[in-house]
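Per-entry structural report
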Amino acid sequence: MKINATTKMATPIEEKVDQNLKTRTGMVMISDGKSKPELARLHLSMEMITIQRQDTSTPAPTPTSTTASHPPIESKPTTQSSRNKSDRLSLCPRVQPNTDMQRPLVMSPNIEHRVRYILFNLLAFSAFFQVNGEYITACPHDDAVNILRNAGDIVVLTVKHYRAATPFLQKQLSRETPESDNDATCAELKVNVGGVGQSGKKYSANNSRPVSISSEPENRWIDLVSVPLMMAYVTRYIYGTDKLRPNAFEVRGLNGTTTGIIHCDDLAILSQWLKYITDNIVGLTSLQMKLYNRNFPVGERIEYMGWVNEGVISNHISWQSYKPRFLVLKGTEVMLFDAPPLNVAGLQKATVAYKVYQTMFRVVKESETVDSRQHCFLLQSSGHEPRYLSVETRQELLRIENSWNAAIVTSVIKLGRKTFAVSHHGKTGGLTLDWQQGFSLTEGADASVIWQYKFSQLRGSSDDGKSKLKLHFQDHETRSIETKELECQVLQSLLFCMHAFLTAKVASVDPAFLSSIQQA
């Protein structure tokens with residue numbers, strides 16, 4: 001039997017590898033954001049995302065759209081079978097009934113024993129759509145079988161893999177034996193003795209000697225653009241704005257390349273693509289982070305790397321522009337880059353760098369956002385204007401928040417203690433925050449300790465926003481509240497550092513959390 005095979009068309013999203021990093025292939029619409037979208041193929045590998053167009057020099061099947069009443073169908077090759085009256089080889093495919101007229105006619109894998117291994121991969125669990133160019137999808141079952149039986153000496157079967165039928169057919173197959181091939185629904189075909197084996201070679205039904213096989217040229221796909229996923233990011237926003245693209249997204253690489261705008265009419269398919277691409281980006285970026293961390297001791301390692309968008313607020317315009325920034329949490333520092341650091345030396349070239357223990361991180365509530373951007377947070381370091389930042393998803397915001405808490409613990413443990421010059425009752429002294437001891441006030445040339453409290457004794461604080469600070473401590477013995485009034489010229493820095501120490505103490509109450517931070 002001579003087989004003419006064409007390349008299998010991709011379903012909307014098709015899983016290739018079941019690993020942490022995934023590969024997918026699917027048909028999408030691509031545009032530059034201005035012109036009309038055009039059909040293209042999107043191929044996601046473990047390290048790259050590629051936009052492909054079909055080579056028009058070779059014929060191609062038309063992509064099959066799926067509906068609610070028809071489960072996703074995966075295309076299979078068109079099979080041409082020739083039969084000879086002098087050759088009585090019997091091929092008895094079991095044709096499953098098509099009673100509800102919403103399922104195509106399906107080929108069971110229970111075929112005649114002598115050609116079972118030859119045709120199984122090609123025809124098993126396949127749905128017949130055309131016989132010699134004639135559609136049979138709307139035919140009653142008996143009519144479809146008669147068309148197959150009377151197809152002539154040359155039979156061209158257009159088949160497509162019908163995944164929804166596979167479990168049903170497998171159950172049927174387990175209850176049947178080869179002898180049941182003589183069922184009345186079998187189509188008796190006299191075919192040439194050749195066929196395609198599982199290995200892709202052509203075999204004779206009467207012997208196992210391989211012979212040559214001819215096939216039509218496969219459909220080819222031409223790469224238009226490829227974007228490396230390492231330190232890339234995926235976004236649904238129109239570049240530089242807070243405007244969300246409806247049913248579309250874009251992937252941007254660290255080298256400035258872009259996929260263009262990828263359109264998906266189906267929201268479920270859109271969500272799948274976003275998840276698969278984001279998972280690969282996060283996986284690759286995390287791998288790069290681990291490679292960098294081989295060069296650093298525990299207290300200086302990277303806790304987080306990833307893209308954010310920084311909002312630039314202007315009083316002269318009613319809208320806000322955004323600039324992509326690469327955020328790194330490393331040791332005691334939080335850093336922002338215009339482009340990702342490509343090596344360890346690049347980590348020294350941050351555009352902005354703040355000490356974590358002197359910086360406040362705060363998630364912006366939805367009611368407090370300044371525009372249509374979601375998943376926003378503030379970074380405010382002592383002596384600097386706050387930075388308004390945004391990420392694409394709630395999950396990414398949680399990742400940053402968890403990484404920030406881990407960085408706080410790491411930086412405070414590494415810092416150990418921090419002393420600020422203060423004035424207490426008109427006398428100059430030093431307020432020390434100590435990871436082990438808590439709060440202590442010292443005065444005089446000999447740094448005598450005036451009072452000391454544990455972090456757990458702090459019941460509250462208040463300040464005037466300028467220099468005056470009140471700390472309220474509870475005495476362990478009397479249970480009474482004692483208030484200590486101080487003045488500090490760098491009040492904001494003191495408050496941020498105090499918040500860092502308290503946050504680290506709260507986080508370290510969980511031994512598992514602290515252990516994970518120290519071992520990271």
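Residues numbered from 1 in each chain as written. Predicted model: local features only at pLDDT ≥ 70, side-chain atom pairs only at ≥ 80, totals over all residues. Heavy atoms only, no water.

Right, let's get into the overall build of the protein. A tally of helices and strands in the protein yields seven helices and 33 strands. Scored against the burial criterion, the 520 residues of the protein give a buried share of 47%. Considering only residue pairs separated by 6 or more positions, the protein has 56% of its internal contacts joining residues 24 or more positions apart. About 26600 Å² of surface is accessible on the protein, with carbon and sulfur atoms providing 51% of the total. (Helix = DSSP H or I, 4+ residues; strand = E, 2+ residues; numbered from the N terminus. Buried < 20%, exposed > 50% of the residue type's maximum accessible area, 1.4 Å probe, protein only. Contact = heavy atoms within 4.5 Å. Areas by Shrake-Rupley, 256 points an atom, 1.4 Å probe, with all protein chains shown as cover.)

Next up on the list: the nonpolar core. Of all hydrophobic cores here, the largest spans 46 residues; its most connected members are Leu-327, Phe-377, Phe-439 and Leu-471. Per element, the largest residue contribution to this core is eight residues, and it comes from helix H6 (residues 491-508). Shared between two domains, this core holds at least three residues of each, these being domain 3 (295-407) and domain 4 (416-518). Of all hydrophobic cores here, the second largest spans 23 residues; its members include Leu-229, Ile-269, Ile-277 and Leu-284. (Core = buried A, V, L, I, M, F, W, Y, C linked by side-chain atoms within 4.5 Å. Domains from an automatic or database assignment.)

Here helix H4 (residues 267-293) contains 27 residues, and its C-alpha end-to-end distance of 38 Å stays within 8% of the 39 Å for a straight helix at 1.5 Å per residue. The opening residue of H4 is Asp-266, an N-cap whose side-chain oxygen sits 2.8 Å from the backbone nitrogen of Ala-268. (Expected span 1.5 Å × (residues − 1). Polar contact = N/O pair within 3.5 Å; in protein donor to acceptor, adjacent residues only side chain to side chain.)

Within the structure shown, the criterion is met by 13 salt bridges. We note a salt bridge from Asp-242 to Lys-243, for which the minimum N-O separation is 3.7 Å. Residue classification places Asp-242 among the buried residues on the basis of a relative accessible area of 7%. The shortest N-O distance in the salt bridge between Glu-250 and Arg-252 comes to 3.2 Å. On the basis of relative accessible area, Glu-250 is assigned to the buried category, the value being 5%. (Salt bridge = Lys/Arg side-chain N within 4 Å of Asp/Glu carboxyl O.)

Moving on, we get to the pairing of strand E21 (residues 321-330). E21 sits mainly inside the fold: eight of its ten residues count as buried. The pairing of strand E20 (residues 302-312) with E21 spans ten bridges and is classified as antiparallel. In the sheet register, Trp-307 faces E21, and the bridge partner there is Phe-326. In this structure, E21 lies alongside strand E22 (residues 333-337), joined through five bridges in antiparallel fashion. The partner of Lys-330 across the bridge, within E22, is Glu-333. Hairpin connection of E21 to E22: two residues between the antiparallel strands, including Gly-331 at a positive phi of 55°. (Pairing = 2+ DSSP bridges.)

Let's shift gears to the environment of Ser-403. Locating Ser-403 in the fold gives a position in helix H5 (residues 394-415). Here Ser-403 falls in the buried class, since its relative accessible area comes to 12%. The spatial distance from the C-alpha of Ser-403 to the C-alpha of Met-305 is 9.6 Å, given a sequence separation of 98 residues. Setting aside its immediate chain neighbours within four residues, Ser-403 contacts Glu-303, Tyr-304 and Leu-329. At 2.8 Å, the side chain of Ser-403 and the backbone oxygen of Arg-399 are in polar contact.

All right, on to the side chain of Asp-242 then. Mapped onto the fold, Asp-242 is located in the loop between strand E17 (233-235) and strand E18 (248-252). Among the polar contacts made by the side chain of Asp-242, one reaches the main-chain amide nitrogen of Ser-372 at a distance of 2.9 Å. Excluding anything up to four places from it in sequence, Asp-242 contacts Tyr-237, Tyr-322, Asp-371, Ser-372 and Arg-373.

What follows deals with the sheet that holds E20. Pairing is antiparallel in the open sheet, where seven strands are placed in the order E23-E22-E21-E20-E26-E25-E24. Both outer strands of the open sheet, strand E23 (352-355) and strand E24 (359-363), are each paired with one neighbouring strand and no more. Adjacent strand axes in the sheet meet at a mean angle of 30° when their direction is disregarded. In terms of strand pairing, E20 meets strand E26 (residues 387-390) through three bridges, oriented antiparallel. Residue pairing for E26: Glu-310 is matched across the bridge by Leu-389. Where H6 meets the sheet, its contacts fall on E24 and strand E25 (376-381), and the angle it forms with E25 comes to roughly 125°. (Axes fitted to C-alpha atoms, helices over the stretch in contact; angles between N-to-C directions.)

Residue-level pLDDT values for the protein average 75, and 63% of them are 70 or greater. A low-confidence stretch, residues 1-18 stays under pLDDT 50, and its non-local contacts, those more than four residues away or across chains, total 74 contacts. Here residues 105-125 is a poorly scored stretch, pLDDT under 50, and it has 86 contacts once near neighbours within four places are set aside; other chains count. (pLDDT = per-residue confidence, 0-100.)

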